[in-house]
Amino acid sequence: MKNILITGGAGFIGSHTAVELIEAGYGVIVADNLSNADTTCLEGVEKITGQKVPFYQIDCCKKEDLRKIFTENRIDGAIHFAAFKAVGESVEKPLMYYHNNLLSFITLLEVMVENNGGAVVFSSSATVYGQPDSLPVTEDTPRKPAESPYGNTKQICEDILMDAVKAHPCLKGVILRYFNPIGAHPSALIGELPRGVPNNLVPFITQTAARLREELRIFGNDYSTSDGTALRDYIDIVDLAAAHVSALERMTGHNPDGSCEVFNIGTGKPISVMELVEKFTEVNRVPVRYKITGRREGDVEAVWADTSRANKVLRWKASRSVEQTLANAWAWEKKLRGIN
Ligand code: UD1
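Here is what the cut-offs are and how they apply
Residues numbered from 1 in each chain as written. Predicted model: local features only at pLDDT ≥ 70, side-chain atom pairs only at ≥ 80, totals over all residues. Heavy atoms only, no water. 1 Å grid on protein atoms, 1.4 Å probe; cavity = no way out; pocket = protein on both sides within 12 Å on 5 of 7 lines; lining within 4 Å. Points joined across faces, edges and corners; volume = space filled by probe spheres on them. Helix = DSSP H or I, 4+ residues; strand = E, 2+ residues; numbered from the N terminus. Nonpolar A, V, L, I, M, F, W, Y, C, P; charged D, E, K, R; others polar. Buried < 20%, exposed > 50% of the residue type's maximum accessible area, 1.4 Å probe, protein only. Pairing = 2+ DSSP bridges. Contact = heavy atoms within 4.5 Å. Axes fitted to C-alpha atoms, helices over the stretch in contact; angles between N-to-C directions. Near = heavy atom within 4 Å. Polar contact = N/O pair within 3.5 Å; in protein donor to acceptor, adjacent residues only side chain to side chain. Areas by Shrake-Rupley, 256 points an atom, 1.4 Å probe, with all protein chains shown as cover. Phe/Tyr/Trp six-rings, centres within 6.5 Å; stacked < 30°, edge-to-face > 60°. Lys NZ or Arg CZ within 6 Å of the ring centre and 35° of its normal. Parallel < 35°, antiparallel > 145°, perpendicular 65-115°, else oblique. Left-handed = near helix turned anticlockwise from the far one by under 90°.

This next bit is on empty space enclosed by the protein. Tallied over the full model, the rule gives 2 cavities of 30 Å³ or more. Of the pockets and cavities examined, the largest cavity occupies roughly 70 Å³. Together, Gly183, Glu192, Pro194, Val202, Pro203, Thr206, Ala329, Trp332 and Glu333 line the largest cavity. Of all elements in the fold, only α7 (201–209) and α11 (322–337) reach the threshold of two or more residues within the lining of the largest cavity. A volume near 50 Å³ is recorded for the second largest cavity. Lining the second largest cavity, in full, are His80, Phe81, Ala82, Ala83, Asn101, Phe122, Ser123, Thr153, Lys154 and Cys157. Secondary-structure elements contributing two or more residues to the lining of the second largest cavity are β5 (118–125) and α6 (149–167). Top contributing element to the lining of the second largest cavity by residue count: α6, with 3 residues. Each residue belonging to the lining of the second largest cavity can be placed in one class, and the counts come to 5 nonpolar, 4 polar and 1 charged.

Attention shifts here to the pairing of strand β8 (residues 216–219). Two faces belong to every sheet, and in a regular strand the side chains alternate between them. Burial along β8 is one-sided: Leu216 and Ile218 are buried, while Arg217 and Phe219, pointing the other way, are not. Pairing of β8 with strand β13 (residues 290–293) involves 4 bridges; the strand directions are parallel. Of the residues in β13, the one forming a bridge with arginine 217 is lysine 291.

Within a sheet, neighbouring strands are paired by backbone hydrogen bonds and run either parallel or antiparallel to one another. Reading across from one edge, β3-β2-β1-β4-β5-β6-β11 is the order of the 7 strands in this open sheet, with parallel pairing throughout. The outermost strands of the open sheet, each flanked by one partner alone, are β3 (55–56) and β11 (261–265). For strand β1 (residues 3–7) and strand β4 (residues 77–80), the ladder comprises 4 bridges, and the chain directions are parallel. Looking at the pairing, isoleucine 4 lines up with glycine 77 of β4. The strands that helix α1 (residues 12–23) touches are β1, β2 (27–31), β4 and β6 (171–178); relative to β1, the one it contacts most, it runs at about 170 degrees.

Turning our attention to the site of the ligand. What surrounds the ligand is a group of 20 residues, the closest being Thr127, Leu201, Arg217, Arg232 and Asp299. A distance of 2.8 Å separates an oxygen atom of the ligand from a polar side-chain atom of arginine 296. One of the side-chain N or O atoms of aspartate 299 is found 2.5 Å from an oxygen atom in the ligand. Its free accessible area being 740 Å², the ligand has 87% of it covered by the protein chains. When contributions to the shell around the ligand are tallied by element, the ones reaching two or more residues are α7 and β8. Among the elements that make up the shell around the ligand, the one with the highest residue count is β8 (4 residues). Partitioning the shell around the ligand into residue classes produces 10 nonpolar, 6 polar and 4 charged.

A few words on the packing of aromatic side chains. In total, this model carries 4 aromatic pairs according to the counting rule given. Here the aromatic rings of phenylalanine 280 and tryptophan 330 are separated by 5.9 Å at their centres, their planes lie at 75 degrees, and the arrangement is edge-to-face. Note that phenylalanine 280 is positioned in helix α9 (residues 273–284) and tryptophan 330 in helix α11, a separation of 50 residues in sequence. Taken as a pair, phenylalanine 280 and tryptophan 330 share a single burial class, namely buried. For the cation-ring pair, arginine 295 lies above tyrosine 223, with the distance from its terminal atom to the ring centre recorded as 3.9 Å.

Once that is clear, we can look at the packing of α7 against α11. Remark: α7 packs on α11, axes separated minimally by 10 Å, with the N-to-C direction vectors making an angle of 50 degrees. With respect to α11, the axis of α7 lies oblique. In the packing of α7 onto α11, the handedness of the crossing is right-handed. Counted together, Val202, Pro203, Thr206, Gln207 and Ala209 of α7 and Leu326, Ala329, Trp330, Glu333 and Arg337 of α11 form the full contact between these two elements. Looking at the contact of α7 with α11 residue by residue, the class counts come to 6 nonpolar, 2 polar and 2 charged.

Here it is as structure tokens:
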């Protein structure tokens, strides 16, 4: 059995990825400093899979703490999620973002090289494309200068992994550029747990439906899109998690030249903010109060993925409908809030 270290494994994407990996027969070890998560989702992972997950509450920037994991476990690969992710906060606290997001990744790679290397998946983002000149975006669409320190850390970490894989033959790398991950596990045992007021659309919708928030603000209806609201590619969290299993398989077998490959992980289908809100209401039969406000600074008008490379090379494809995904998101929110 191959053992995979998931840094940031107690979080939204990390916990869903842990489930998919365990179900695919991998051993999973989680490292998380719980700065933006608690153990709720880890407990959920154990309930879903029926397996105990070794957990280290550590800061991945601390080399000694990471080394301990490698001393106590045979690690064949790592998936790196441990990072701060709020765009606005990164503008206010750039040093904190650069320090944490870069140092944790560099430290992980250093410790892996000390321990005979292995496969590395880096969790990147569609944010690296900014507002692209043409749509959908392929992996060869040029990256745009980052709009925020957060976005910049994604670009820099991509470059770090590319360079590290070139220089250290013991390392293999895959970069996954996620579009907009949404939803929750169908068991409603794990899902998104935003701290404070959610920044992202779907948790804001579910919290508004649950009456924790008075109303959703739709940021702008004057974009050049069919209904004037922005277009995104919303990808089901379980589909997205499954892409990590495919990425690991790619590295442990088929990639002939050992280069660090990049893949878009999305559905390939754009949906507008308004359409998403309407679908949520329709599928879950629950009202969501909203009002239209001005655009949010830093938002792009439209971005969605060309997923052909992931479909072909990783043999991975998004399979869940957005309706199913929105139903899962609502089931999770209801469970959290004790709503029947
Ligand atoms: C953001 C980040 C992205 C990150 C992703 C997932 C940027 C600019 N954005 O993407 O890097 O990978 O989150 O965490 O880097 N919206 C509303 N009302 C709200 C919230 C959102 O109308 O209360 C709209 C936004 O204007 C946008 C869409 O919903 O058009 C999606 O927003 P959001 O969920 O925040 O994701 P992104 O900004 O696309």
